[in-house]
Amino acid sequence: MSDKIILTGDRPTGRLHIGHYVGSLRRRVELQNAGDYRRMFVFIADAQALTDNIDNPEKVRQNVIEVALDYLSAGLDPEKVTLFIQSQIPELTELSFYYMDLVTVQRLQRNPTVKNEMILRGFGSAEEEADDNRRGLPVGFFTYPISQAADITAFKATTVPVGEDQKPMLEQTVEIVRKFNAVYGPTLVEPQIMLPDNAACMRLPGTDGKAKMSKSLGNCIYLSETPEEMRKKVMSMYTDPEHINITDPGHVEGNAVFTYLDAFCRDEHFGLYLPDYANLEEMKEHYRRGGLGDVKCKKFLEKILNQELDPIRARRKAFEQDIPAIYEILRKGCEVAREAAAETLSEVRRAMKINYFDDAELIAEQAERYAR
Ligand code: TRP
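Below: a short report on this structure. (Residues numbered from 1 in each chain as written. Predicted model: local features only at pLDDT ≥ 70, side-chain atom pairs only at ≥ 80, totals over all residues. Heavy atoms only, no water.)

### Let's talk about the layout of surface pockets
In this approach the atoms are scanned with a rolling probe the size of a water molecule, which exposes any empty space left behind. Roughly 280 Å³ of volume is contained in the second largest pocket. Around the second largest pocket, the lining is made up of 18 residues, and of these Ala-47, Gln-86, Thr-93, Ser-96 and Ser-147 lie nearest the centre. For the lining of the second largest pocket, the elements supplying multiple residues, two or more each, are helix 2 (46-50), helix 4 (91-99) and helix 9 (144-154). Of the residues belonging to the lining of the second largest pocket, the class tally is eight nonpolar, nine polar and one charged. (1 Å grid on protein atoms, 1.4 Å probe; cavity = no way out; pocket = protein on both sides within 12 Å on 5 of 7 lines; lining within 4 Å. Points joined across faces, edges and corners; volume = space filled by probe spheres on them. Helix = DSSP H or I, 4+ residues; strand = E, 2+ residues; numbered from the N terminus. Nonpolar A, V, L, I, M, F, W, Y, C, P; charged D, E, K, R; others polar.)

Structural data, given as structure tokens:
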């Protein structure tokens, strides 16, 4: 068994979609099943979700169970992985508070995620600040990279499987770890990001071909999607606008159907569902030449997606029958997680020398000074 500690999480702002699945969730289940780790934590980042959903706490609250159902349905096993809810671990807020001394306002402003959000919310222009439609940026959002560093370091995570969008957060965490260890002595563990190994999985586009799946764009296929809903979405997917007649040559780059195939298709799928080709390369070649219709490609994709999602749907149905049991799984997970975080926190306090009542040396030295 290796010394790896794997940790990752998701904001509960909606059900998870197949972009989350190929970007990270499928990888987590593989890591879990490979068993090559010391501990593995997967958590629901409800407190982080509140940093930009302050107007909608009920949405966050309702989606905690949705994300938990998605985790369990995808195959995460609570016997092997600690599943927990971020807000139930108060140690994380205390760590964040100490880390805040190690990060400058200027550095946070340079964090690409924070920077983009600041631009979006109208910073830097008096005219825009006066616009009532813009609400300014909550301090909690501004500092969430610090809180994410607490999430990761509290569990001494070595390996963080996430999407590319989380790169700035991991970089910020590594900086905090180095700074902490330089100031207070070696205490925290430097984490490594683990990205998907295929470009299509890294950033699965929406069904409309737009850069990212997002709930507000209505271009997602959810893990819990019924086969009927999914068929409609696949059949209306964006392909190649220049591929009008079947005989026209087609483009596979920027064609969402082929990007999804890149993320989901394996050679054995051809034997099962489309024996005209031996592999995806042959199929792409035919599409490029002309003579391969979009409907045929979409039907193939639909079969592959169903093969992957059917077991997930079946497990979801079973888990949905006992919601209290899922809260029980999360409650137990929170207990285990708290214990791990508390251990790190006490090491942090010791390193920072703010563990006064355990610091016999400090007390003795001061007593001696005053006795003189
Ligand atoms: N920021 C992540 C997201 O938006 C969620 C998250 C919070 C996270 N804390 C984390 C992911 C720690 C990995 C590690 O999905």
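Following the structure, the description resumes.
### Looking at the site of the ligand
Surrounding the ligand, one finds 13 residues, the nearest of these being Arg-11, Gln-48, Gln-148, Asp-151 and Gln-166. In this structure, a nitrogen atom belonging to the ligand sits 2.9 Å away from a side-chain N or O atom of Gln-166. Contact with the protein chains covers 90% of the free accessible surface of the ligand, which is 360 Å². Counting residues per element, the ones that place at least two in the shell around the ligand are strand 1 (5-10) and helix 9. Of the residues in the shell around the ligand, the class split is six nonpolar, five polar and two charged. (Near = heavy atom within 4 Å. Polar contact = N/O pair within 3.5 Å; in protein donor to acceptor, adjacent residues only side chain to side chain. Areas by Shrake-Rupley, 256 points an atom, 1.4 Å probe, with all protein chains shown as cover.)

### Comments concerning the packing of helix 13 (residues 256-264) against helix 16 (residues 294-320)
Contact geometry of helix 13 with helix 16 gives a least axis separation of 10 Å together with a crossing angle of 35°. Once helix 13 is placed against helix 16, the crossing between them reads as left-handed. Residues Val-257, Phe-258, Tyr-260, Leu-261 and Phe-264 of helix 13 touch helix 16, and the partners they reach there are Cys-297, Lys-298, Phe-300, Leu-301, Ile-304, Leu-305 and Glu-308. Residues that form the contact of helix 13 with helix 16 fall into these classes: ten nonpolar, no polar and two charged. (Axes fitted to C-alpha atoms, helices over the stretch in contact; angles between N-to-C directions. Left-handed = near helix turned anticlockwise from the far one by under 90°. Contact = heavy atoms within 4.5 Å.)

### As for helix 6 (residues 112-120)
Among the residues making up helix 6, those that are buried are Val-114, Glu-117 and Met-118. Seen along its axis, helix 6 keeps its buried residues to an arc of 105°; they face one direction. Those residues of helix 6 that are exposed and angled more than 90 degrees off the buried face are Ile-119 and Leu-120. Gly-122 sits one or two residues past helix 6 and shows a positive phi near 80°. (Buried < 20%, exposed > 50% of the residue type's maximum accessible area, 1.4 Å probe, protein only. Arc of directions from axis to C-beta.)

### Examining the nonpolar core
For soluble globular proteins, the rule of thumb is that nonpolar side chains tend to be buried together. Ranked by internal contacts, the top residues of the largest apolar core, which has 104 residues, are Ile-18, Tyr-71, Tyr-99, Phe-155, Leu-261, Phe-264 and Met-283. Sort the elements by how many residues they give to this core and helix 17 (residues 323-352) lands first, with ten residues. In this view, Tyr-99 contacts Ile-146, Ala-149, Ala-150, Thr-153, Ile-176, Phe-180 and Leu-188; residues no more than four positions away in its chain are not counted. (Core = buried A, V, L, I, M, F, W, Y, C linked by side-chain atoms within 4.5 Å.)

### Examining unusual backbone geometry
Phi at Lys-156 is positive, roughly 55°, even though this residue is not glycine. Within the secondary structure, Lys-156 sits in the loop between helix 9 and strand 4 (159-161). A residue is classified by how much of its surface remains accessible, and Lys-156, at 22% relative accessible area, is partly exposed.

### Examining the packing of helix 9 against helix 10 (residues 167-184)
At their nearest, the axes of helix 9 and helix 10 sit 9 Å apart, and the two run at 70° to each other. Here helix 9 lies roughly perpendicular to helix 10, going by the angle between them. Here Tyr-144, Pro-145, Ile-146, Gln-148, Ala-149, Ile-152 and Thr-153 of helix 9 come into contact with helix 10, specifically with Met-169, Leu-170, Gln-172, Thr-173, Ile-176 and Val-177. Taken together, the residues of the contact of helix 9 with helix 10 break down into nine nonpolar, four polar and no charged. (Parallel < 35°, antiparallel > 145°, perpendicular 65-115°, else oblique.)

### Topic: the pattern of salt bridges
Tallying each qualifying case throughout the model produces 29 salt bridges. Two residues, Arg-316 and Asp-70, come together in a salt bridge whose shortest N-O distance is 3.3 Å. Placement of the pair is Arg-316 in helix 16 and Asp-70 in helix 3 (residues 57-74), with a sequence separation of 246 residues. Classification of Arg-316 as buried rests on a relative accessible area of 3%. A salt bridge links Glu-190 to Arg-178, with the shortest nitrogen-to-oxygen separation between them at 3.0 Å. Taken together, the positions of Glu-190 in the loop between helix 10 and strand 5 (192-194) and Arg-178 in helix 10 put the pair twelve residues apart, joining distant regions of the chain. The exposure class of Glu-190 is partly exposed, given its relative accessible area of 40%. Residues participating in the shared-partner salt-bridge network are Arg-15, Glu-66, Asp-70, Arg-316 and Glu-320. (Salt bridge = Lys/Arg side-chain N within 4 Å of Asp/Glu carboxyl O.)

### A short note on the side chain of Asn-355
With respect to the secondary-structure elements, Asn-355 resides in the loop between helix 17 and helix 18 (360-371). Setting aside chain neighbours within four positions, we find Asn-355 in contact with Arg-349 and Arg-350.

### Description of the environment of Asn-245
With respect to the helices, strands and loops of the structure, Asn-245 is situated in the loop between helix 12 (227-235) and helix 13. Note: C-alpha distance between Asn-245 and Gly-293 (48 residues apart in sequence) is 7.8 Å.

Nothing here speaks to function; it is geometry throughout.
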